[in-house]
Structures are given as C-alpha cells and as structure tokens.
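If you want the building blocks of each chain, they are given just below.
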There are 2 protein chains.
Amino acid sequence: MDAQPDDTATAARRPRGRPRKSATPVDTRGLIVKAAGAEFQAVGYDAASVRAIARRAGVDAALVHHYFESKADLFAATVHVPVRPDRVLAQVLAGPRDEIGVNLVRGVVVALDDPKAGRRVIRLLHTALGQEFAATLLRQFVTHELLARLATALGGDDAETRASFAASQMVGLIVARYGVRLEPLASASADAVAHTVGPVVQWYLTGSTPLDTSEHIGE
Amino acid sequence: MDAQPDDTATAARRPRGRPRKSATPVDTRGLIVKAAGAEFQAVGYDAASVRAIARRAGVDAALVHHYFESKADLFAATVHVPVRPDRVLAQVLAGPRDEIGVNLVRGVVVALDDPKAGRRVIRLLHTALGQEFAATLLRQFVTHELLARLATALGGDDAETRASFAASQMVGLIVARYGVRLEPLASASADAVAHTVGPVVQWYLTGSTPLDTSEHIGE
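Keep in mind it's a predicted model, so treat the numbers as computed, not measured. (Residues numbered from 1 in each chain as written. Chains lettered and ligands numbered in written order. Predicted model: local features only at pLDDT ≥ 70, side-chain atom pairs only at ≥ 80, totals over all residues. Heavy atoms only, no water.)

Some details on the overall build of chain A
Definition in use: Think of it this way: any DSSP run of H or I at least four residues long counts as a helix, any run of E at least two long counts as a strand, and we number them from the N terminus. Relative accessible area decides the class of each residue, using a 1.4 Å probe on protein chains only: under 20% of the type maximum gives buried, over 50% gives exposed, and in between gives partly exposed. Any two residues having at least one pair of non-hydrogen atoms within 4.5 Å are treated as being in contact. The Shrake-Rupley method, run with a 1.4 Å probe, gives the accessible areas here. Residue values count only the displayed protein chains as cover.
Helix and strand content of chain A: eleven helices and zero strands. Put simply, chain A runs from its N terminus to its C terminus through helices and strands in the order α-α-α-α-α-α-α-α-α-α-α. Evaluated residue by residue, chain A yields a buried proportion of 49% over its 219 residues. Considering only residue pairs separated by 6 or more positions, chain A has 67% of its internal contacts joining residues 24 or more positions apart. Entry remark: accessible area of chain A is about 11100 Å², with carbon and sulfur atoms responsible for 52%.

Re the relation of the copies chain A and chain B
Note the following rule: Copies overlap after least-squares fitting; the atoms used are the C-alpha atoms of residues with pLDDT of at least 70 in both.
Mapping chain A onto chain B is achieved by rotating through 180° and translating by 0.0 Å along the same axis, at an RMSD of 0.0 Å. The superposition of one copy onto the other is thereby described by a two-fold rotation axis. Within chain A, Gly-172 of chain A has its C-alpha nearest the rotation axis, a separation of 1.6 Å.

Digging into the interface of chain A and chain B
Stated precisely, the cut-off is as follows: Accessible area that two parts lose when put together, with a 1.4 Å probe and added across both, is what the buried area reports. Whenever Lys or Arg places a side-chain nitrogen within 4 Å of a carboxyl oxygen from Asp or Glu, that contact is recorded as a salt bridge. In protein, a polar contact means a hydrogen-donor-capable atom and an acceptor-capable atom, both N or O and within 3.5 Å, with residues adjacent in sequence counting only if both atoms are side-chain atoms; elsewhere, any N or O pair within 3.5 Å suffices. We call Asp, Glu, Lys and Arg charged. Ala, Val, Leu, Ile, Met, Phe, Trp, Tyr, Cys and Pro are nonpolar, and the rest, Gly among them, are polar.
Each partner contributes residues to the interface: chain A has 48 residues there, and chain B has 48 residues. In this assembly, chain A packs against chain B so that about 4200 Å² is buried in total across both faces, 70% of it on carbon and sulfur atoms. Here chain A and chain B share two salt bridges between them. Taking the shortest distance from any N to any O, the salt bridge between Arg-181 of chain A and Glu-132 of chain B comes out at 2.7 Å. For the pair chain A and chain B, the interface holds 13 residue pairs in polar contact (both at pLDDT 80 or more). Considering every element that reaches the side of chain A that touches chain B, the biggest residue donor is helix 10 (residues 159–179) of chain A, with 13 residues. The class makeup of the residues in the side of chain A that touches chain B is 28 nonpolar, 15 polar and five charged.

Considering the pattern of salt bridges
Residues and elements named next belong to chain A. Scanning the entire structure with this criterion turns up 20 salt bridges over all chains. Here Arg-87 and Glu-69 are joined by a salt bridge, their closest N and O atoms 3.9 Å apart. Linking Arg-87 in helix 6 (residues 85–94) with Glu-69 in the loop between helix 4 (61–67) and helix 5 (71–78), this pair joins segments that are 18 residues apart in sequence. Judged by relative accessible area, which is 57%, Glu-69 ranks as exposed. The residue Arg-162 makes a salt bridge to Asp-158 at a minimum N-O spacing of 3.1 Å. Accessibility assignment for this pair places Arg-162 and Asp-158 in one class, buried. What you see here is one network of salt bridges that share partners, running through Glu-69, Asp-73, Arg-84, Asp-86 and Arg-87.

Some thoughts on the confidence of the model for chain A
Residues and elements named next belong to chain A. Our working rule: pLDDT is a per-residue confidence score from the predictor, ranging from 0 to 100.
Per-residue confidence for chain A averages 85 on the pLDDT scale, and 83% of its residues sit at or above 70. The weakest mean pLDDT in chain A belongs to helix 1 (residues 7–13) at 45; the strongest belongs to helix 10 at 96. In the predicted structure, residues 1–12 sits below a pLDDT of 50 and forms three contacts with residues beyond four places in sequence or in another chain. Between residues 211–219, whose pLDDT stays under 50, and residues either more than four places distant or in other chains, the model counts 18 contacts. The ipTM for the predicted assembly is 0.81, set against a pTM of 0.82.

Some points on the packing of helix 2 (residues 28–47) of chain B against helix 5 (residues 71–78) of chain B
Residue and element names in this part refer to chain B. What counts here: Simply put, an axis is a line fit to the C-alpha atoms, just over the touching stretch for a helix, and the angle between two N-to-C directions goes from 0 to 180 degrees. Here roughly perpendicular refers to angles of 65 to 115 degrees, roughly parallel to angles under 35, roughly antiparallel to angles over 145, and oblique to all remaining angles.
Where helix 2 contacts helix 5, the two axes come as close as 9 Å, and the packing angle between them is 105°. Relative to helix 5, helix 2 is oriented roughly perpendicular. Residue-level contacts link Arg-29, Ile-32, Val-33, Ala-36, Gly-37, Phe-40, Tyr-45 and Asp-46 of helix 2 to Lys-71, Ala-72, Leu-74, Phe-75, Ala-77 and Thr-78 of helix 5. For the contact of helix 2 with helix 5, the per-class residue count stands at nine nonpolar, two polar and three charged.

With respect to helix 10 of chain A
The cut-off we apply is this: To estimate the expected span of a helix, count its residues, drop one, and scale the result by 1.5 Å.
In a regular helix each residue adds 1.5 Å, so 21 residues correspond to 30 Å; helix 10 of chain A covers 29 Å between its end C-alpha atoms and thus fits that length. Counted residue by residue, helix 10 of chain A has 20 buried out of 21 residues, so it is predominantly covered.

A short note on the packing of helix 2 (residues 28–47) of chain A against helix 9 (residues 132–154) of chain A
Residues and elements named next belong to chain A. Which entries qualify depends on this criterion: Left-handed describes a crossing whose near helix is turned anticlockwise from the far helix through less than a right angle; right-handed describes the clockwise counterpart.
With their axes 8 Å apart at the nearest point, helix 2 and helix 9 run at an angle of 30° to one another. Regarding the angle of helix 2 to helix 9, the classification is roughly parallel. Relative to helix 9, the crossing made by helix 2 is left-handed. Residue-level inspection shows Phe-40, Gln-41, Ala-42, Gly-44, Tyr-45 and Asp-46 of helix 2 in contact with helix 9, the latter providing Phe-133, Leu-137, Gln-140, Phe-141, His-144 and Glu-145.

Structure, rendered in structure tokens:
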C-alpha cells in the first residue's frame, strides 16, 4: 500500500466545504463481509479461501484474519447469524462423550431461544430451501464445519452417517421450534427439550442399535 | 342456478366468429381450489369451512365434496402437494402399534423420493419459513390433521408432547434429505432411513425413557 499523504498537504489542496476523504471512516469489516458474500456466491463455501476474499476486498489477508478467526466466522457474518454452531460444537466435543447429545441440544436451544438468533437461523433455512445455490452453500458449511468435525471426534466407519442422521434431528428441532412452532415442543423449556431430544442425538451418534442397518447405507 | 339456455338458441343469437360462452369448459375444481386458497389465507386452516369455501367459489357445498373428500384434501390441493400426509398417517395407524415409527418414516420417504413430491414439500416449507401466515397455516394443518390424530391413537397424558417431538424428527428428515441434502443421509436407501429413523420416531411416540422429563414440559 502507498503511504498516506500528509494530512495538512491534503487539506491545503482540498477546496473549501468539501469533506476530507481521509476523515471518512472506512468500514473495513463491512467491506470484507461483502467480499466474502460475493466470493461464497461465486465459488461456494468449500472453494472459497480467505486469500481470495482478501483480494476481492482489496485488503491484505492478515487484515481479514484481524477481524475474522476463520472462514466459518466469515460465513456466519455473511448470513448474519449471531450464533456460531462450530463453536458450540467444539465446546460440546470438549466435554464428556456420553453427554454430547444433551449438551448439543441444550447449547443450540439456549442460543436460538434468543428471538433474534432464532429468526436469523430460520431466515437462513428459508433461503436455503428456496435457492439451489444457498442450499449448496449451507450444505457445504454444515458438512465441512460441523459434520466432518463431529465424525472425526466420534471415529468409526459409519461416523459420517451417524453425524448426518443426528443433524436431521437438530435441523428438525430448529424448524419445529422456531419456524413452524409446533406445540407443545415450541413452548417446552430448554431443559425439557435437551432431556428429550438429547438422548436421540446421542443414540444416533454413539448408540449401538439404531444404525445396525448401516450396511444398507450408501450402497 | 338458472337452467342453461338452449344451445341452438344461443348459437342463433351469437355473432359469427365469437366463441360460444356455454362451450367454454368451466374448471369447477380449479375454481374451488382458488376459493379454498383465498379462504385459508383469510381465516387460517382451523377456522376455514367447506361451506365457506363453497360460498366463496359460488358453488354448492355438495359440489365441493364431489371433488374433495375433506378440508385436508382441499389444503393439499391449494399447496400443490401430491402427497396426503394424513392418509399416510391413517394407513400407518391402522397397522401394528410397535411399527408406527418405521412405517411412518418409510411411507413419507417413499412418497417424497418422487422428485416432484419432494420439491413441492420443500417449497411448502420454504414458504412457511418465510411468511408468518404460511407458518400458521402449516402449523394448524399439521396440528389438527396429523398430531391430534396421532395423539388420539397413542393415548396418554403426554401424547401431544410425544407427537410434536416425533414431528420434529420427521420435518428434520425432510429438510435434511430433500432440502439441504446432507450426505450420506440424502443418498441412503428408503429402507436404511426407515430402519435408522423409525426407531427414533417410535421411541418418541411409545418409548418409556426419552420423555421422562415431560413434567417439565408446558410448565
């Protein structure tokens, strides 16, 4: 980047009454989010890189990393979702293995019971169900940032299958509680939901019985 | 209704080259579907009646019943969904109680694996997640035509709670398989899905363990 011109010199050349360009605060973060959105639109989640997003925004990659920890962070910002599911998952995976289900459900429900967060996630799903490209973007994010991590933590040949079935229950819980608002589920306490849906998610992830037909899967 | 004028007489009065009004086939069924859509929009699913829909369409209620068996039938027609979930449910409930879960999942998956049917249901969910009114309409339909029937068949104090949790898994399966298309779930055979998700739905509906916190629900 060129060095900034001396402020006084700029002021001297500037006609009276016109605002100083250098005084206009540049929303660098906003610029990066916009570039990230355009890059995700252009190449999808998997193929997008922080480098390419930086190039699109006309900034250094280091500056992108100053504002955003990761590509997942950038994605969350572009879809305006105030909850970071990959962080909730990382926290849960750091806890006891036999509490993954209940902690995952509780973490998601507590986060989305915030009305703004719930609305944003439903809006994201609404877009994904209406546009092929948005569905692909969401699928890539969920697969790469959530299911792959979950499968790695679980281990085993059928870990990806288990993760995708668990995800179906999580997404259904979100749609039923915050989107269609089916009762009594929609008004149940976060604790009751965690203790009812948690065992199901746990069963998908680590149970021995429910997936005994996994040899049929992906034939 | 007035008697139709004599065909020959009409033809005699009609200027040459103009189409005969009486020969234009009236799409009575289409007229009724349109009226039903307007009535659902105006008052919601629960408050809409076949009588009011007939009045809106300018036809006799008996004529509505000639084309449509029930209000649920009319709703399915207005949202262009070629699958009748209430019929699938009725069939499943007529079978063995301990196979409700697996039969329900298989019935829904087999029906929605038809690409047109799958797309239509995703479109319906897309609309419901984007418009408050559409969400209410879908909630009323699901609650009245599916969950209430399921709860009645199950019996017990917590039947409605059980039904709503089972519904969350069903809707999540639909969104994950046909909307976001999470793998390997999206490509798994109908049989594998039925044998993996079926036990979960069964567990919600009739299991003794998963709902042992139901006293928290609806407090």
